[in-house]
Structures are given as structure tokens and as C-alpha cells.
Amino acid sequence: MSLDLLWTALALMLLIEGLMPLLSPERWRALFLRMTALSDGQIRFVGLASVGCGLLGLLLLR
């Protein structure tokens, strides 16, 4: 994997992450506040699901 690909992936992640606060800051804030009320186990599950979806996406694209 080249370093350019890593930087491209990081740039795309930042672009996608920034869309919701840009387009709907009120809803993003409400979602963020609800997420802070989750337990550590629930947050870990969301992280695990995100990693799993990312890995599955990579496998499907290869």
C-alpha cells in the first residue's frame, strides 16, 4: 500500500465526517449528545461494527 493511498483514504474520511456538521449542525449536535449518553460497551460495539463494515468494504473492493 502506498503512502498516497493512505493520505487519500484519510482525506475521504475527513470529507465524509465533515458533511453532517456542515449540512445539519443541529441534528449533528443532537446525535453527538445522545452518543455521549451511551455506555462504554455500546460505544465499543459501534466501533466494532464500524471497523467490521470498513473491513468488509475493503474485501469487497479488492
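Structure's up top.
In this text the structure is predicted, and so the values were computed from the model without any measurement.

Chemist: Can you explain the overall build of the protein chain? Please cite residues and give values.
Modeler: The helix and strand tally for the protein chain stands at three helices and zero strands. Moving toward the C terminus, one meets the helices and strands of the protein chain in the order α-α-α. Computed over the C-alpha atoms, the radius of gyration of the protein chain is 15 Å, more than 25% above the 11 Å expected from 2.2 N^0.38 for a compact globule of 62 residues. In the protein chain, buried positions account for 2% of the 62 residues. Put simply, the protein chain shows about 5,900 Å² of open surface, and 73% of that area lies on carbon and sulfur atoms. Across the protein chain, the mean location of the 5 positive side-chain charges is 7 Å away from that of the 4 negative side-chain charges.

Chemist: I'd love a proper account of the packing of helix 1 (residues 3-23) against helix 2 (residues 25-36), names of residues and values included.
Modeler: Relative placement of two packed helices is described by the angle separating their axes and the distance separating the axes. It is at 5 Å that the axes of helix 1 and helix 2 come closest, and there the two elements cross at 115°. Viewed along their axes, helix 1 and helix 2 adopt a mutual orientation that is roughly perpendicular. Contact with helix 1, carried on its side by M20, P21, L22 and L23, involves P25, R27, W28 and L31 of helix 2 and no other residues of that element. Taken together, the residues of the contact of helix 1 with helix 2 sort by class into seven nonpolar, no polar and one charged.

Chemist: Can you break down a nonpolar patch on the surface residue by residue, with the values?
Modeler: Taken together, the side chains of L3, L6, W7, L10, M13 and L14 define a hydrophobic patch exposed on the protein surface, amounting to about 620 Å² of accessible area. Tracing the backbone through its elements, the reader meets L6 in helix 1. With relative accessibility at 45%, the residue L6 sits in the partly exposed group.

Chemist: Explain helix 2 to me, using residue names and the numbers behind them.
Modeler: Helix length check: helix 2 (twelve residues) gives 16 Å between terminal C-alpha atoms against 16 Å at 1.5 Å per residue, within 8%. Within helix 2, only zero of the twelve residues are buried, which leaves it mostly out in the open.

Thresholds applied
- Residues numbered from 1 in each chain as written.
- Predicted model: local features only at pLDDT ≥ 70, side-chain atom pairs only at ≥ 80, totals over all residues.
- Heavy atoms only, no water.
- Helix = DSSP H or I, 4+ residues; strand = E, 2+ residues; numbered from the N terminus.
- Rg over C-alpha atoms; globule rule 2.2 N^0.38 Å.
- Buried < 20%, exposed > 50% of the residue type's maximum accessible area, 1.4 Å probe, protein only.
- Areas by Shrake-Rupley, 256 points an atom, 1.4 Å probe, with all protein chains shown as cover.
- Lys, Arg positive; Asp, Glu negative; His and termini not counted.
- Charge placed at Lys NZ, Arg CZ, Asp CG, Glu CD.
- Axes fitted to C-alpha atoms, helices over the stretch in contact; angles between N-to-C directions.
- Parallel < 35°, antiparallel > 145°, perpendicular 65-115°, else oblique.
- Contact = heavy atoms within 4.5 Å.
- Nonpolar A, V, L, I, M, F, W, Y, C, P; charged D, E, K, R; others polar.
- Patch = residues over 30% accessible without salt bridge, like charges linked within 9 Å, V, L, I, M, F, W, Y side chains within 5 Å.
- Salt bridge = Lys/Arg side-chain N within 4 Å of Asp/Glu carboxyl O.
- Expected span 1.5 Å × (residues − 1).

Without other data, these values stay purely geometric and don't point to any function.
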